[in-house]
Amino acid sequence: MNKLVSVIIPTYNDQLTINKAVDSALNQTYLNVEIIIIDDGSTDSTSIILKKFYENIDKITVITQSNSGVATARNNGLAISKGEYILFLDADDWLDTEYIERLILEAEKNSSDLVMCGWRLYKQHKSDLVKIGSTNNEYFYSENTNLIRRKFTDLFINGYAHGPIGKLFKKSILIDNAITFPNIRRSEDIFFNIDYMENVNKMSIIEDRLYNIRIVNAYEKIKRKNDTAHLKALDAHFNTIIAIQDRMSRFMIKWNIDKVQLFRVNGVIYDLIINHLTHVIYSSKGDIVKNVDSIINNDLTIYISKNSTLNGVYRRITNKMIALKMKRTLILLIKMKQLIKRVIKKN
């Protein structure tokens with residue numbers, strides 16, 4: 001068990017967190033590791049930190065690109081990676097010391113094409129990181145391709161399959177099937193994961209919680225980093241939501257996944273639509289009512305509104321407002337929810 005593992009870390013204006021992320025990859029019990037850091041044109045001190053602390057460490061490669069987004073950064077990391085296995089680490093996050101060893105052990109034991117582990121979730125509270133939750137995985141292994149796809153659908157519904165973190169990929173599968181991240185600024189990892197899952201014949205999930213996520217409000221994070229290109233991408237994100245729903249629907253039809261699961265997946269799409277409406281309401285430079293009206297009258301929104309499993313009072317009320325075209329009342333309700341969240345956060 002001594003196969004090379006490539007850890008790919010994209011970073012953009014992460015001066016406060018990059019050390020913790022990189023050090024956690026360096027201090028692994030599994031030693032045959034290369035670490036590829038892609039600086040996506042940082043304008044803060046990230047580049048200086050990388051040069052000062054990591055430039056002369058043999059197992060670390062730092063490459064710099066003009067600001068092009070995390071998808072391009074990860075793809076550039078993949079292009080120069082030499083490992084048989086690939087891991088992705090976000091620059092906000094960090095790894096337990098046995099993370100790579102545990103995933104490799106499972107991959108080699110069962111010849112798994114994909115290995116996943118559990119997460120812990122943290123929030124920054126003043127100068128401390130406070131644990132706010134974790135995944136609760138049961139051990140899973142299967143060579144049944146239909147069962148694997150149904151399991152992936154469950155993971156998509158639970159939010160566990162949206163990103164590439166906490167997962168060990170085989171580079172040969174990526175190369176043989178020309179799988180890369182699409183060149184978009186939001187939700188690129190969902191498409192990457194679905195494309196990869198189409199080619200998985202053996203999958204493992206281990207119970208261990210070995211990947212640590214620093215929870216940050218996505219919009220606040222983008223503003224803090226002054227990522228203007230990402231802000232523009234948020235404005236156009238509805239087109240990406242349409243593409244996600246189409247891609248996931250085709251995946252489920254291909255693998256004969258039942259209608260109950262389809263409605264639950266549509267519930268995830270519904271949440272993406274509501275999140276986008278929230279962004280439009282708070283950032284729109286034009287007529288907010290007109291912009292909201294165009295979204296709730298879109299064919300996708302109408303379809304999702306009628307064909308989703310929606311739990312919770314807020315989701316059901318917003319859905320009723322969408323169905324009745326109560327755009328002004330919907331705007332008011334979304335603003336009220338955001339106001340309540342801010343008050344709770346301050347207290």
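Because the structure is a prediction, the values reported are computed rather than measured.

Remarks on the environment of Ile206
Moving on, step 1. For Ile206, the position within the fold is in strand E10 (residues 203-215).
Moving on, step 2. Distance from Ile206 to Ser6, taken between C-alpha atoms, is 20 Å for residues 200 residues apart in sequence.
Moving on, step 3. Contact partners of Ile206, with chain neighbours within four places excluded, come to Arg102, Leu103, Glu106, Met116, Cys117, Gly118, Asn137 and Tyr139.

Some words on the packing of aromatic side chains
Moving on, step 1. The tally for this structure, following the rule as stated, stands at 11 aromatic pairs.
Moving on, step 2. Note on Phe169 and Phe192: the rings are 5.4 Å apart at their centroids and 75° apart in plane angle, and the pair reads as edge-to-face. Note that Phe169 is positioned in strand E9 (residues 167-170) and Phe192 in helix H7 (residues 188-197), a separation of 23 residues in sequence. Grouping residues by exposure puts Phe169 and Phe192 together as buried.
Moving on, step 3. Over the ring of Phe181 we find Arg74, and its NZ or CZ is 5.2 Å from the ring centre.

Looking at empty space enclosed by the protein
Moving on, step 1. One pass over the structure, following the stated rule, counts 1 cavity of 30 Å³ or more.
Moving on, step 2. In this model, the largest cavity occupies a volume close to 30 Å³.
Moving on, step 3. Taken together, Leu114, Met116, Phe152, Lys167, Phe169, Asn193, Tyr196 and Met197 form the lining of the largest cavity.
Moving on, step 4. Those elements giving two or more residues to the lining of the largest cavity turn out to be strand E6 (114-125), E9 and H7.
Moving on, step 5. Here the lining of the largest cavity gets 3 residues from one element, more than from any other, and that element is H7.
Moving on, step 6. Across the lining of the largest cavity, the residue classes tally to 6 nonpolar, 1 polar and 1 charged.

Focus: the packing of helix H11 (residues 259-283) against helix H13 (residues 299-306)
Moving on, step 1. Closest axis-to-axis distance for the H11/H13 pair is 9 Å, and the angle between their directions is 130°. In terms of orientation, H11 and H13 fall into the oblique class. Pair H11 / H13 crosses with left-handed handedness. Here Leu262, Phe263, Asn266, Ile269, Tyr270 and Ile273 of H11 lie close against H13, whose contacting residues are Leu300, Thr301, Tyr303, Ile304 and Lys306.
Moving on, step 2. Of the residues that constitute the contact of H11 with H13, the class distribution is 8 nonpolar, 2 polar and 1 charged.

Considerations on unusual backbone geometry
Moving on, step 1. Of note in this structure, Asn13 is not a glycine but carries a positive phi near 50°.
Moving on, step 2. By secondary structure assignment, the location of Asn13 is in the loop between strand E1 (5-11) and helix H1 (18-26).
Moving on, step 3. Take Asn13: its relative accessible area is 7%, and that puts it in the buried class.
Moving on, step 4. Within the chain, Ala178 stands out as a residue other than glycine whose phi angle is a positive 50°.
Moving on, step 5. For Ala178, the location among the structural elements is in the loop between helix H6 (171-176) and H7.
Moving on, step 6. Residue Ala178 is classed as exposed on the basis of its relative accessible area, which comes to 64%.

Here's the deal with the pairing of E10
Moving on, step 1. Note that strand E5 (residues 94-95) and E10 share 2 bridges and pair antiparallel. Across the sheet, Trp94 pairs through a bridge with Asn212, a residue of E10.
Moving on, step 2. In this sheet, E10 lies alongside E6 in parallel orientation, the contact comprising 9 bridges. Directly across from Val115, in E10, lies its bridge partner Ser204.
Moving on, step 3. Inspection of the sheet shows strand E8 (residues 140-142) paired to E10 by 3 bridges, in the antiparallel sense. Following the sheet pairing, Phe140 is matched in E10 by Ile205.

A few points about the packing of helix H5 (residues 145-157) against helix H10 (residues 237-254)
Moving on, step 1. Orientation of H5 relative to H10, taken along the N-to-C sense of each, is 150°, at an axis distance of 11 Å. One finds that H5 runs roughly antiparallel with respect to H10. Two packed elements cross with a definite hand, and for H5 against H10 that hand is left-handed. Residues Arg149, Phe152, Thr153 and Phe156 of H5 lie in contact with H10, whose contacting residues are Ile244, Met248, Phe251 and Met252.
Moving on, step 2. Within the contact of H5 with H10, the residues separate by chemical class into 6 nonpolar, 1 polar and 1 charged.

Reading guide: rules and limits
Residues numbered from 1 in each chain as written. Predicted model: local features only at pLDDT ≥ 70, side-chain atom pairs only at ≥ 80, totals over all residues. Heavy atoms only, no water. Helix = DSSP H or I, 4+ residues; strand = E, 2+ residues; numbered from the N terminus. Contact = heavy atoms within 4.5 Å. Phe/Tyr/Trp six-rings, centres within 6.5 Å; stacked < 30°, edge-to-face > 60°. Buried < 20%, exposed > 50% of the residue type's maximum accessible area, 1.4 Å probe, protein only. Lys NZ or Arg CZ within 6 Å of the ring centre and 35° of its normal. 1 Å grid on protein atoms, 1.4 Å probe; cavity = no way out; pocket = protein on both sides within 12 Å on 5 of 7 lines; lining within 4 Å. Points joined across faces, edges and corners; volume = space filled by probe spheres on them. Nonpolar A, V, L, I, M, F, W, Y, C, P; charged D, E, K, R; others polar. Axes fitted to C-alpha atoms, helices over the stretch in contact; angles between N-to-C directions. Parallel < 35°, antiparallel > 145°, perpendicular 65-115°, else oblique. Left-handed = near helix turned anticlockwise from the far one by under 90°. Pairing = 2+ DSSP bridges.

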